[in-house]
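What the coordinates show
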Amino acid sequence: QVQLVESGGGSVQAGGSLRLSCSASGYTFRRNYMGWFRQAPGKEREGVATIYTGTSAYTYYADSVKGRFTISRDNAKNTVYLQMNSLKPEDSAMYYCAAGGGGLVVASVNYWGQGTQVTVSS
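Attention in this report is confined to the structure presented alongside it. (Residues numbered from 1 in each chain as written. Predicted model: local features only at pLDDT ≥ 70, side-chain atom pairs only at ≥ 80, totals over all residues. Heavy atoms only, no water.)

**A closer look at the sheet that holds strand S7 (residues 69–74)**
The strand order S1-S3-S8-S7 describes an open sheet built from four strands, whose pairing is antiparallel. Looking along the sheet, the strands with just one partner apiece sit at the ends: strand S1 (3–7) and S7. Put simply, the sheet's adjacent strands are angled 15° from each other on average, direction ignored. Note: strand S3 (residues 18–25) against strand S8 (residues 79–84), six bridges, orientation antiparallel. When the sheet's bridge partners are listed, Cys22 is paired in S8 with Val80. (Pairing = 2+ DSSP bridges. Helix = DSSP H or I, 4+ residues; strand = E, 2+ residues; numbered from the N terminus. Axes fitted to C-alpha atoms, helices over the stretch in contact; angles between N-to-C directions.)

**Brief notes about the nonpolar core**
Counting residues in each nonpolar core, the largest one holds 30 residues, and the members touching the most others are Met34, Trp36, Leu82, Met84 and Tyr95. Elements that contribute at least two residues to this core include exactly S3, strand S4 (33–39), strand S5 (46–52), S7, S8, strand S9 (93–100) and strand S11 (116–121). (Core = buried A, V, L, I, M, F, W, Y, C linked by side-chain atoms within 4.5 Å. Buried < 20%, exposed > 50% of the residue type's maximum accessible area, 1.4 Å probe, protein only.)

**Concerning the environment of Gly9**
Mapped onto the elements, Gly9 comes out in the loop between S1 and strand S2 (10–13). Looking at Gly9, the relative accessible area reads 33%, which means it is partly exposed. Separated by 40 residues in sequence, Gly9 and Ala49 place their C-alpha atoms 16 Å apart. With residues near it in sequence (within four places) discarded, Gly9 still touches Leu20, Thr116, Gln117 and Val118. (Contact = heavy atoms within 4.5 Å.)

**Topic: the pattern of salt bridges**
Pairs can form between side chains of opposite charge once their charged atoms are near each other. A complete count under the given rule lists four salt bridges for this structure. Across the pair Arg38 and Asp91 runs a salt bridge whose closest N-O atoms are separated by 3.0 Å. Of this pair, Arg38 sits in strand S4 while Asp91 sits in the loop between S8 and S9; the two residues are 53 residues apart in sequence, bridging distant segments of the chain. The residues Arg38 and Asp91 share a single accessibility class, namely buried. Among the charged side chains, a salt-bridge network with shared partners connects Arg38, Glu46, Arg68 and Asp91. (Salt bridge = Lys/Arg side-chain N within 4 Å of Asp/Glu carboxyl O.)

Here it is as structure tokens:
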């Protein structure tokens, strides 16, 4: 049974930082894509960042977060992180950990976490 458990969401003022964590179990973590997606009320779910968990650790970011967010992984802990800096009110959303999601494509996600809320106030 695949489980993705997120943590680290919360409320922060604009310009602040948060770090999200996602611990994966029951899933072949290595040599797969792991990613973060988000969904704001009334909007479609969108890709934020993905990372390949093989040797290359290739990363891919949505244009809206480039230079502010950093995705990383710890293969030994089956955990992926999302460091979010210089947060903006438009970053407010439910953030979902995803197993799969290469290319930030929702349809390529195999499994979803339960989500963690991020709220950025101006």
